[in-house]
Structure formats: C-alpha cells, structure tokens
Amino acid sequence: MELTGRHKVNATPSTLWNMLMDTDTLSKIVPGISKLEKTGDNSYKSILEIKIGPVGGSFKGDLQMENIEEQKGFTLKVQQNSSVGNANAAIKIELIPVTIEETEVAFDGEVKVTGLLASMGQRILGSAANVITKQFFTNLDHELAKQQATS
Amino acid sequence: MSTNNGNGADAPNRFIGKSVKRVEDKRFTTGHGRYTDDIVLPHQTYAAFVRSQYAHAKIVSVNITTAKAMPGVVAIYTGAHVAEVNGVPCGWQVNFKNGTPMKEPKHPLLVTDKARHVGDAIAIVIARSKEEAEDAAQAVEVKYEELPCEIDAFKAAQPGAPLVHDDVPNNICYDWALGNPIDEVNAAMNSASHVTTLEFVNQRLIPNAIEPRCYNASYDRIHDHYTLYTSSQNPHVIRLLMCAFVLGIPEHKVRVVSPDVGGGFGSKIFHYTEEALLTWCSKHIGRPVKWTAERSESFLTDAHGRDHITKAEMGFDNDGKIVALRVKTYANLGAYLSTFGSCVPSYLHGTLMQGLYTTPKINIDVTAVFTHTTAVDAYRGAGRPEATYVLERLMDLAAHEMKVDPVELRFKNFIPPFDGVTQPGYQTQVALQYDSGNYHGVLEKGLQMLGYDDFRKAQKEAAHNGKLLGVGFSTYIEACGIAPSSVVGSLGARAGLFEFGQVRVQPTGKVTVFTGSHSHGQGHETTFAQVVADKLGISMDDVHIVHGDTGKIGFGMGTYGSRSLAVGGTAIVKSIEKIIEKGKKIAAHLLEASADDIDFANGNFTVKGTDKSIPFANIALTAYVPHKYPDDLEPGLDFSSFYDPANFTYPFGCHIAVVEVDKETGKVTLKRFIAVDDVGNIINPMIVEGQIHGGVAQGIGQALFEGAEYDNNGQLTNASYMDYCMPRADDFPMYETATQITPCPHNPLGVKGAGEAGAIGSTPAVVNAVLDALWSGGHEVKDIRMPLTSERVWRAMQN
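Residues numbered from 1 in each chain as written. Chains lettered and ligands numbered in written order. Predicted model: local features only at pLDDT ≥ 70, side-chain atom pairs only at ≥ 80, totals over all residues. Heavy atoms only, no water.

Before going further, it helps to examine the overall build of chain A. What chain A contains, in helices and strands, is four helices and seven strands. Counting helices and strands in the order they occur from the N terminus, chain A gives β-α-α-β-β-β-β-β-β-α-α. Overall size of chain A, expressed as C-alpha extent along the three principal axes, is 45 × 30 × 30 Å. With 151 residues in all, chain A has 44% of them scored as buried. Considering only intrachain contacts with a sequence separation of at least 6, the fraction spanning at least 24 residues in chain A is 50%. (Helix = DSSP H or I, 4+ residues; strand = E, 2+ residues; numbered from the N terminus. Buried < 20%, exposed > 50% of the residue type's maximum accessible area, 1.4 Å probe, protein only. Contact = heavy atoms within 4.5 Å.)

Structure below.
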C-alpha cells in the first residue's frame, strides 16, 4: 500500500524539526500511539493501537529514523508485529520551506502488511491510511497551536 | 414433478425416475446432522496452527517457550519434531515430455527451513480448549527472513524467478502435451483460411464448502489402534494415503470416519497435512485432538481451483469447419503438489479438447508450475471447466470474427449422433473414446427454449434503443464416472478408481447397503435406496444406506468426478444381482423347482408360468434360519462387489445465458439461464436438477463474481466473505432446465453422472453472452478477464 501525504503548516522547518525529534510531542502526533520509548539516538520502541475495518490489534515494534538530514527530512523505518499481522514500512519524510513562515510536510512511502491485516483489511487499507494521515496532520496542527500559544 | 415418499403402489420402477424427496434432509434441515466438529471424545484436546504470514520466508527461529507455559497448553510441535515423518503424497504421476517423472518436492506436515505460501503451517499448539490453543498459538514467536516471491504461473516459469523449491529448476513440475504431433497441427493451422486466437486467464477460485475442514484424531493405547474423524469425500483413500505413504501405520490399525460432511466440491478429496499431523499427535499426547479450520484459515489452506493462463488458437477452413486446435497453458499448482494437483491440468483437461467437435488435429501443451500460493487441485469439474472454457469461448469468438451464427458454426462441427451400442463410440484425437452422444439434440432443445429467432430480433431492437442484450452459448462434454483403473493406471494414477458396494439382507428382509461412495450433499441415501428398493421390490423405508466409515465398509474410493451412481451405484447393482441369484436357488428349493425356472419380480420369487410364489422377506428369513435349505448353499444373504468401469461416462449438454449490460455502469444482469443436460438415465430428477442448479451457480459465480486475489507480496487479499464475492440467490434468474436422455451403454443403470455438469457448462455461456452484448453495441472486445465485474466491463467498453 502506498502512503503519501502533503500538508502546509504555519511553522518554520526548525520548529517542526524540533517537534518531530521530541519523543513526547511525537507520541501525541502519531495516531494510535499508546507507548513510545526512546531506545537509542534515532530509534524507538512503540506500542500502537490500530483498528482497520474488521481487524484491530495492538502493534508492538521498532521505529527507526535513517538518512537524517537536519531540518530537511529523514526516512522512518517501521517494523510492527501483532497477532493480526505484521506491518513493515519505509516512509520518507521531507520538510520543504514554502515561505519564511510556512513549511510543507511531505511523506511518501510503502507499507507492506501480512496476516489477517492483509487478507481481511487490505480492501479498506487505503481509506484507513487516509484517515490516519489526516489525523496525523490534525494532531500536528493542534500541537503546533498549543506550542505557539505557550511561547 | 410427482413425488413418492416410499409408500407407493407395488409396481416396477416405483422409485427409479421419480423425484423422491431426500430422506437425509429431515436431519439436515432440523439441525440434527452430525458433523466432525459435533464429535467430542473423552479427554478431548484442541489444536491451533501457527501459520506463515509471508508467501516466501526463511524460518530463522521458532520460540515456543512463552506459549508452552500458557494455561491449558498440552503440547506444541514444530517442524523439527516431525522432520523424520514423510510428507503427504501426490496420487498421480505425470511425466515430462521427455519421459522423466514430474518433480515431487516434499510436502511436509510442518515446515522447517522455509515457508512457501501464506498459511504454510509452522507449528501446532494443542490445549485443553480451542481458545487456549489459539491464545498460545499467538504467543509462539516466529522470526522470518522474508524472501522474494512469485504468484504468477507464467512468470514463475521464467529463468531467474524466485524458486519455491530449491531442487525444482524454473519451478516447473512438468511440461506435458497430448494429441496429434505438433508439426501436423501446425501444418493444419497454416492451411486454415481463418484462425481465431484468444489469450485469457481462467482465474483462481476458492472452493468454500460451508463446513470448514475438521479433523478429530484419537489413539487407543490398549489396542494400538487409531480413529480419525475427517470431513472428507473419501475416507478409505485418506486411510490408504495416510497409512501407507505418510505415517507408516498398517491400515488395519486405523479407522477413518467421514460422518455428515457439509459440502466438498473437490476440496475435501485430498489428503491434507493436518489429517496426518493430528493422527501423529494423538499418539504422542495420548489424548484425542481436534482441529476445525477458521473461515479465514479455510481461504488460505483449502486447496484452490483453476488458475490457468492460456493461449488458444482454432483454425477453420473456408466452409467454417474446424481444421486444427492448438492450446498452450501455464497451470498454477501452488506451492506444493496436492493429491490430484498434477492430473487436473493434464489428464482431466487436455483429454477434453475434442469437445463436441470433429476437429481433426489437436495439440494441447501444459506447463505445470509451482508458485508461492496455496496448492491448487480439483474443484467442481476439475480440468473439464477449463477445457470447456477454451473451446466454447473460441467458438463464439470465431463465429463473431467470421460473421457467422455461433449456433450454425456448432451444428456444422458437431460429432454426429451415436448410441455406442449399434454404432461405435467416438474416438477423439486426445486419448478418449466417447460412449454415446446426441449433441445436436441438446442444442436444438436449448434453442427452442430460448426462442432464438425472436431473441435476435429483440437484441437488434434493444441495440437500436441503446440497450445491450447478449446471448452466449456453451455446448460442453465431460468425462465422468471416474474411472477405469487400467486406463488411468496407464496414465499415471497411483490408485485404482473402482468402487465397492455391499448389500446385506437382514433376516427380516430389511436391507443394509454399504457403499464406498460418500455423500456430502449429493443425496446418496435417497438415490441409492431408490435403486435398491426397485431392484428388490421392497419399500424404500426398508433400505438403509451406510457410507463414510472404513470400520463398516469393506473398501471405497469415495465421491468425486461425478462417479457415485455410475461406479458406486453399479457396484451395488452387481451385489443385488448376486442376492437375486442366490434367492432364486433358495426359492427353487422351497418351491421344488429348478432355479432356472424361477422369476424374480415385484419382490416375489415365482415359478415361471405358475402362481407358486414366495416373497423376498421369506427367502431372507430362510437364508438365516436354514432349517429347510439346499445342501450346496451357504446360509446368509449378503454380497459384496467391486466394480471397475469399462470406460469413463460422457455427459454433455447445452447452456445458454442471456444478459443485459448497463451501458453507463458496465453492470451485468443475468436475464435468463437455460441448461439442457444429458446425464444419461436419471434415477431422481429432483436431485439431478438440484445438482445442476448448484453447479450452474458456481459456474456463474466464476464468470461474474468470484476470484482469489493475491497481491505482489503473495498475500491473499480477499480471504473473507466481506472480500470474496460469493454469488447470492438474488444474483440469479430462475434457471430454465431440461434434460435429454442418451443412456450410457456400458453400465447397467445407463447413468452418466450429474454432479459437475452445471459448473462445467455455464461459465463460458455467461462470458460469451456479455461479449455478445458488447458486440451488439459495436464494442469490438475479444476478452474480459473473469470475474466480469462492472468495472472491468465498463473499462472494456471505453476502448
């Protein structure tokens, strides 16, 4: 399944970068995260609660950031296991300056799923991904607004 | 249709030919069927499987520590535990064109090194309850190293494709050809004035028996004896394969029981790994162990059907006579050879390429290929629907290309009628000899029912009004009554395909029949009882049919290939003849006459030309209380017979579909479906009609709705009833059915078999009808890939 999204936010790349690098903020932005634990400089252990159509479950696994270019982007490697199937993804995330005050967040990647997720969830995986993507950007806007209000 | 509940007047053929209501339906419709899952044994345990999530992956490690400590867990076995046990065998050897045997990689009970399809079994978890077994199975940790996979038979056979089995080059199980030498066929094709070429996919189907596969195995330590309850179409075959080829247990130490079985459609013929593994486990844990497939597990592990990629060419002379047929097929076998996986695309497919036509030169070439998918094997029709699809699609397309009527083209090429008695059978170019046929007859009858001339007028008018109406034809033949042992033995079958039937007359004159056929929806308890009651002149209530238990029935080959009545029924008839012959001797003694002078009719033994007569029940009593009895005769009245048919039987027919295609959406509406089938003599017209109805639904299902969809990672993406489109009652019009009767000349009942006809004839009729509708609107479309969803039809119209 392809996972792509673009969203313009009122923040500089550096503000966004700091948010994405902060475990607490990240755990508030990524939909479904119930636990996020930093295990290394660029790696995390996570538990995600996700429901896709008839298939839902608790996903455990690793998140790893690779090809990091400060304030420009990185590739997020995801390896999540659950009793309803495994998900494997490599998502390229880019921060593209639009104006001095605006940045576009773009991501592009592929998700491979197995087990029940593949055999029963795949039909609606695309629309589920859209919902998750939308939620991610909504959360991002929300966190940004909170931070801008307190600063 | 008149019905007869068994209390009818005492007259010849009181039951044969009548639509007697099915005696088994009382228990089925009131919830009293007894299926394998209903059987709970003392100290019962339950199994769950850990199955591969990847289509192709190295199994790096399997950690069972956590799972083993979970509540209720009795035992966990992985591939390492059964590495020494043989895999399940293939029942039919097909040879490469160069004569070397096909590649037969091991099909292990549990995998050790790598998984070869999604659903491949990695471990079995046994616990006190099903829920505990499933929980523990989820706690088994499997580390995979994912490997590249291939799901497409053509691509898998190309150099460099990922290998399913390291020792099978290019994934090719065998290449095989049948018919006339290819040079002769090429020459004939080159001489043709018109050649119709068609490339298409006959898609993969999931069999979807309503009862999932279920097994319950137990071991009796005191007697060193196993019992396996299995939802199977052929318990004796399972016992034979499991004992002799997999577990090395002597057959007399094993009883296999197939009680009520909720549908098979072929998918329950095969000896599955779970059957042998559960039997093995039952001895190791000393307790009975049961497994019932989850529905999603059935989708992933029941052997699938069809999956051919085909290029077919048919050459015609100036007159529209077929001069040559050339077919090349890549057949997908899945990851492992299932029990009859090898013979379906070869001997059950290639041998039907003559169809109903006088084609003088035929060559069919098949490459059978392993892929990273679930095993493919026989599914209702098994090879014959694929062959029919090739021929009947070509006929309608050729007629369209040559601008002739598809009906006229068929009449021009039909084999003339022959009865197989006064006229010889028809020798085909592809190894078979048809028994009897009247192919013109079924098409003529179908055209009458359709009102063909009126239809073509209505179609023109509809096109004028912007509506797309279409008609599609399919005139099919199948080889049933599987099968003469000597013939199939010479073609590579590793078992004879005869049948066993025993008739035991009880002292009271009631009759128990033991048959090696197995009923899983066909209604044997009714049809067989009709035959026995008529032949012995007794009431149907006095006949009890026993099937599905190796502990009760001497032997059996089971039910598939539309064989039960033609082969199993004949074995019973042969035993009845022995009963009557012995009864005559007893009667002769009692009536002080010669046995030659005794007639048996209407349940009475009578001295010819006199009114001296003894009823059947008195003879039965005398046989068991032989106070006054011939000196040279044994007591008792109980005979068994094995019947090995002389030839296949060849049912045939004509199916016609009428569809309307919505121009805006591409939606296909099936307006009419006409089926004229000739299945030889008919014992129970209602049951035959029911078989046709069910088969037609499955055939239309293939044309319009069904299809297994794998993604490029080898994941089956529609493994549930939310995602796999099963046909429903409101998708169909009421079928218009009729029969023609051309008796089979080589069995005493004159029957040919009706179980698969519906699924064989119907599919191309529907696809042809959709294309005809599109042609009527000026859309020059050669093929639309099945299933013909609205989207595919709409897209085809846009080009």
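Next comes the rest of the account.
Turning our attention to the domain arrangement of chain B. Frequently, the measure chosen for interface size is the accessible area that the parts lose on association. Residue and element names in this part refer to chain B. The domains assigned to chain B are domain 1 (41-148 + 210-263 + 268-301), domain 2 (379-482 + 647-798) and domain 3 (499-643). Summarising the inter-unit geometry, the C-alpha centres of domain 1 and domain 3 are found 40 Å apart. Each side of the interface is counted separately: domain 1 has 16 residues, and domain 3 has 15 residues. When domain 1 packs against domain 3, the two sides together hide about 1300 Å² of surface, and 56% of this comes from carbon and sulfur. (Domains from an automatic or database assignment. Buried area = accessible area lost by both parts, 1.4 Å probe.)

Once that is clear, we can look at the packing of aromatic side chains. Residues and elements named next belong to chain B. With the rule as written, the count across this model stands at 34 aromatic pairs over all chains. Note on W92 and Y347: the rings are 6.0 Å apart at their centroids and 25 degrees apart in plane angle, and the pair reads as stacked. Note that W92 is positioned in the loop between β3 (73-78) and β4 (114-115) and Y347 in the loop between β14 (322-334) and β15 (362-370), a separation of 255 residues in sequence. Y347 matches W92 in its accessibility class, with the two residues each being buried. Consider the rings of F418 and Y439, whose centres lie 6.2 Å apart with planes at 75 degrees: the pair is edge-to-face. Taken together, the residues span a long stretch of sequence, with F418 in the loop between α10 (406-413) and β16 (426-427) and Y439 in helix α11 (residues 439-450) at a distance of 21 residues. Taking the relative accessible area as the measure of exposure, F418 reaches 6% and is therefore buried. According to the relative accessible area criterion, Y439 is buried, its value standing at 0%. Taken together through their ring pairs, the aromatic side chains of F418, Y426, Y434, Y439, F648, Y650 and F652 make up a single cluster. (Phe/Tyr/Trp six-rings, centres within 6.5 Å; stacked < 30°, edge-to-face > 60°.)

With that settled, the discussion passes to the sheet that holds strand β2 (residues 57-63) of chain B. Residues and elements named next belong to chain B. Reading across the sheet, the three strands line up as β4-β2-β6 and stay open at both edges, with antiparallel pairing between neighbours. Edge positions in the sheet fall to β4 and β6 (141-146), since each of these pairs with one other strand and no more. One ladder, built from two bridges, connects β2 with β4; its direction is antiparallel. Residue K58 lies in a different strand from β4, and its bridge partner there is K114. (Pairing = 2+ DSSP bridges.)

Attention now goes to the interface of chain A and chain B. Counting residues at the interface gives 15 residues for chain A and 15 residues for chain B. For the pair chain A and chain B, the summed buried surface comes to about 1200 Å²; carbon and sulfur atoms form 45% of the total. Counting the surface chain A buries against chain B, the share from its top three residues, K112, S119 and R123 of chain A, is 34%. Close ionic contact of E146 of chain B with K112 of chain A constitutes a salt bridge, the shortest N to O distance being 3.7 Å. Counting across the chain A and chain B interface gives four residue pairs in polar contact (both at pLDDT 80 or more). Going through the elements one at a time, β7 (103-113) and α3 (115-120) of chain A are the ones with two or more residues in the side of chain A that touches chain B. For the side of chain A that touches chain B, the element with the most residues is α3 of chain A, which contributes five residues. (Salt bridge = Lys/Arg side-chain N within 4 Å of Asp/Glu carboxyl O. Polar contact = N/O pair within 3.5 Å; in protein donor to acceptor, adjacent residues only side chain to side chain.)

Residue and element names in this part refer to chain A. The sheet contact formed by strand β5 (residues 73-81) and strand β6 (residues 87-97) spans eight bridges and is antiparallel. The residue of β6 that forms the bridge with F74 is I93. Counting the residues between successive antiparallel strands, the hairpin from β5 to β6 contains five residues, one of them, G85, with a positive phi of roughly 135 degrees. Pairing of β6 with β7, which is carried by 11 bridges, proceeds in the antiparallel orientation. Note that in β7 the partner of I91 across the bridge is G109. Counting the residues between successive antiparallel strands, the hairpin from β6 to β7 contains five residues.

All names here are of chain A. With antiparallel pairing, seven strands are arranged side by side in an open sheet as β1-β7-β6-β5-β4-β3-β2. Two strands bound the open sheet, and with one partner strand each, they are β1 (2-9) and β2 (33-38). Sheet twist, expressed as the average angle between the axes of neighbouring strands with direction ignored, equals 20 degrees. Against the sheet, helix α1 (residues 13-20) touches β1, β4 (55-69), β5, β6 and β7, its axis set at about 155 degrees to β6. Packing against the sheet, helix α4 (residues 125-150) makes contact with β1, β3 (43-52) and β7, and its axis sits at approximately 25 degrees to β1. (Axes fitted to C-alpha atoms, helices over the stretch in contact; angles between N-to-C directions.)

Residue and element names in this part refer to chain B. Summed over all chains, the structure comprises 46 salt bridges over all chains. The salt bridge partner of K361 is E184, with a shortest N-O separation of 2.9 Å. Remark: E184 occurs in helix α5 (residues 182-191) and K361 occurs in the loop between β14 and β15; sequence separation between them is 177 residues. E184 sits in the partly exposed class, given a relative accessible area of 35%. Note that K585 and E581 form a salt bridge whose closest N and O atoms lie 4.0 Å from each other. Highlighted residues: K585 and E581, both in helix α15 (residues 564-591), separated by four residues, approximately one helical turn. Assessed through its relative accessible area of 38%, K585 is described here as partly exposed. Its relative accessible area of 48% is what places E581 among the partly exposed residues.

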